[in-house]
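Residues per chain, in single letters:
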Amino acid sequence: MLPGDRSLSWDDGAVVAVDQCALPGAYRLLRLSTVDEVIAAIRRLAIRGAPAIGVAGALAVALSAAAHRVGGSGVDGRCDEVAVRADARRIAAARPTAVNLGWAVERAVSKLAFGPDAVLREALAMVVEDEHVNRAVASRAADLVRRVTKRRPLRLLTHCNTGRLATVAWGTALGTIRTLAEAGQVEEVLFGETRPLLQGARLTAWELAEAGIPHRMCVDSAGPTAIATGLVDCVLVGADRVCLNGDVANKIGTYPLALAANRAGVPFVVVSPESTVDRALASGAGIEIEHRDPAEVTALAGAPITPPGTGAYNPAFDVVPADLVTAVVTENGVHRNEIRREAAS
Ligand SMILES: CSC[C@H]1O[C@H](OP(=O)(O)O)[C@H](O)[C@@H]1O
């Protein structure tokens, strides 16, 4: 097991991460010592979740800087910056939608001139920061949920996995649920299985069981009905990219939940670190949505579920327009609709 709540760490020149493809059947650690090994882990979602892939990307830049060290150590260290920047571009391209990956890679690359050890220090700082940020965001989001709901204890709905596995530790939307549960304020969590890769069924179920929080799963398409029939007091989701106007990209299946919540008057709260906010992007129209292998849809656990030759539409994310979002909560505050406004509280 990794120390504490951690699902991602650094150990003696290697990235160490929980293999999320092996859960819930096996808790297995990956030890990744090359840039290509980290890129492959991100691409197959062994490491997944916007904050987690960001920090893993920064650690991969540190692996590259060490591999391309050209002399000296500490403040005298230098590396082949051209080679490291080429690696950084490949790392940032591993998955296009979560802004955290590019943000974290750029932050690690910004220390290149100070040598490989400085790059590693910056990446390790992100490891520590992520857990602190997530706990702060979760606390702020829990306060908002208490303000915008009446019923106690709460019946919450979430989607995909936004817990300690999707971050370095604690989690964002699921971190908020953990915070509320620790205060005895959660009756039950309903979550979607999250087809096709089953992040809900495999990972959120595992985390909620580990935390001892009452939970039930539903098929993704039942989430809107649960909201419409009064089974949900608040919807809590994560994000992969929040735009300047408040549009939010998140796991496919989030948009229908937002539509149902808006129609039912149920709060729809997005919980994410500031590193998921892309202030360079005016609106969701500019977000690159990752489209993945159709075989992820036409097969289940590797076994075909359709006749041979069946095609599939497999966007990994959708975009929730800002007007369907009750609030985006970050460590800097509660943003209602447009992100450009300063935090409302
Ligand atoms: C706090 S995780 C944010 C976000 O990342 C997940 O996507 P994926 O499993 O494809 O990496 C999902 O959209 C979560 O909401």
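Here the structure is a predicted model, which means the values were calculated and not measured.

**Side note on the site of the ligand**
Okay, so step 1: Close contacts around the ligand come from 18 residues, with Arg-48, Arg-95, Asp-240, Asn-250 and Lys-251 the closest.
Okay, so step 2: Within the backbone of Ala-50, an N or O atom sits 3.5 Å from an oxygen atom of the ligand.
Okay, so step 3: The side chain of Asp-240 places a nitrogen or oxygen atom 2.6 Å from an oxygen atom of the ligand.
Okay, so step 4: Notes on the ligand: free accessible area 400 Å², of which the protein chains cover 99%.
Okay, so step 5: With respect to the detected pockets, the ligand is housed in the largest cavity.
Okay, so step 6: Broken down by secondary-structure element, the contributors of at least two residues to the shell around the ligand are helix 2 (50-67) and strand 11 (248-251).

**Regarding unusual backbone geometry**
Okay, so step 1: Pro-24 follows Leu-23 through a cis peptide bond whose omega is 5 degrees.
Okay, so step 2: Each neighbour pair has its own omega, and for Arg-195 with Pro-196 the value is 5 degrees, a cis peptide bond.
Okay, so step 3: Mapped onto the fold, Pro-196 is located in the loop between strand 7 (186-192) and helix 7 (199-211).
Okay, so step 4: Backbone geometry at Leu-45 places phi at a positive 60 degrees, although glycine is not the residue there.
Okay, so step 5: Residue placement: Leu-45 occurs in the loop between helix 1 (35-43) and helix 2.

**Remarks on the nonpolar core**
Okay, so step 1: Counting residues in each nonpolar core, the largest one holds 43 residues, and the members touching the most others are Leu-8, Val-15, Val-38, Ile-42, Ile-47, Val-61 and Ile-91.
Okay, so step 2: Those elements giving two or more residues to this core turn out to be strand 1 (8-10), strand 2 (15-18), strand 3 (29-32), helix 1, helix 2, helix 3 (81-92), helix 4 (99-109) and helix 5 (116-148).
Okay, so step 3: Top contributing element to this core by residue count: helix 2, with twelve residues.
Okay, so step 4: Beyond its immediate sequence surroundings of up to four residues, Leu-8 is in contact with Leu-2, Val-15, Val-16, Ala-17, Ile-47, Ala-52, Val-55, Ala-56, Val-127 and Val-168.
Okay, so step 5: Listed in part, the 25 residues of the second largest apolar core include Val-133, Ile-177, Phe-191 and Ala-327.

**Comments concerning the state of the cysteines**
Okay, so step 1: Per the stated rule, a full pass over the model turns up zero disulfides.
Okay, so step 2: No disulfide involves Cys-21; its sulfur sits 13 Å from that of Cys-160, the nearest cysteine.
Okay, so step 3: Free of any disulfide, Cys-243 has its nearest cysteine sulfur in Cys-160, 18 Å distant.

**Let's talk about helix 2**
Okay, so step 1: With 18 residues, helix 2 should reach 26 Å at 1.5 Å per residue; the first-to-last C-alpha distance of 26 Å fits that figure.
Okay, so step 2: Summarising burial for helix 2: 16 of the 18 residues are buried, a large majority.

**Some details on the UniProt feature "binding site: substrate" (unreviewed entry) in the protein chain**
Okay, so step 1: Those residues carrying the UniProt feature "binding site: substrate" (unreviewed entry) are Arg-48, Gly-49, Ala-50, Arg-95, Gln-199, Asn-250 and Lys-251 in this numbering. From the list above, the largest cavity is lined by Arg-48, Gly-49, Ala-50, Arg-95, Gln-199, Asn-250 and Lys-251.
Okay, so step 2: Its place among the elements puts Arg-48 in the loop between helix 1 and helix 2.
Okay, so step 3: Judged by its relative accessible area of 3%, Arg-48 is buried.
Okay, so step 4: Apart from the residues lying within four places of it in its own chain, the contact partners of Arg-48 are Gln-20, Ile-53, Arg-95, Cys-160, Asn-161, Leu-165, Ala-166, Gln-199 and Leu-203.
Okay, so step 5: A distance of 2.8 Å separates a polar atom in the side chain of Arg-48 from a polar atom in the side chain of Gln-20.
Okay, so step 6: Tracing the backbone through its elements, the reader meets Gly-49 in the loop between helix 1 and helix 2.
Okay, so step 7: On the basis of relative accessible area, Gly-49 is assigned to the buried category, the value being 11%.

Rules behind the numbers
Counting starts from 1 at the beginning of each chain's written sequence and moves along it residue by residue. Only residues with pLDDT of at least 70 are given local features in this predicted model, and only at 80 or more are side-chain atom pairs given and counted; all residues enter the totals for whole chains, interfaces and linings. Here the side-chain values reflect all heavy atoms present in the structure, with hydrogen atoms and water set aside. Summary of the distance rule: residues count as near a molecule or strand when at least one heavy atom falls within 4 Å of that molecule or strand. Polar contact criterion, stated in full: a pair of N or O atoms within 3.5 Å, where within protein one must be able to donate a hydrogen and the other to accept it, and residues adjacent in sequence count only if both atoms are side-chain atoms. Surface accessibility follows the Shrake-Rupley procedure with a 1.4 Å probe radius. Residue values consider only the protein chains on display as shielding. Using a grid of 1 Å spacing that covers the protein atoms alone, one calls a set of points a cavity when a 1.4 Å probe fits there but cannot get out, and a pocket when the set is open and has protein on both sides within 12 Å along at least five of seven lines; lining residues are those with an atom within 4 Å of a point. In this description, a molecule resides in a pocket or cavity if more than half of its atoms sit within 2 Å of the grid points defining it. The way it works is that DSSP assigns letters per residue, a run of H or I at least four long becomes a helix, a run of E at least two long becomes a strand, and they are numbered from the N terminus. In this text, buried Ala, Val, Leu, Ile, Met, Phe, Trp, Tyr and Cys residues form a nonpolar core when linked through side-chain atoms within 4.5 Å. Relative accessibility thresholds used throughout: buried, under 20% of the residue-type maximum; exposed, over 50%; partly exposed, between the two (1.4 Å probe, protein chains only). Contacts are residue-level and defined by heavy atoms, with any inter-residue pair within 4.5 Å sufficient. Two cysteine sulfur atoms make up a disulfide if the distance between them is within 2.5 Å. Expected helix span is given by 1.5 Å per residue-to-residue step, counting one fewer step than there are residues. UniProt positions are given in the numbering used here, feature names are shortened, and annotations may be inferred rather than shown by experiment.

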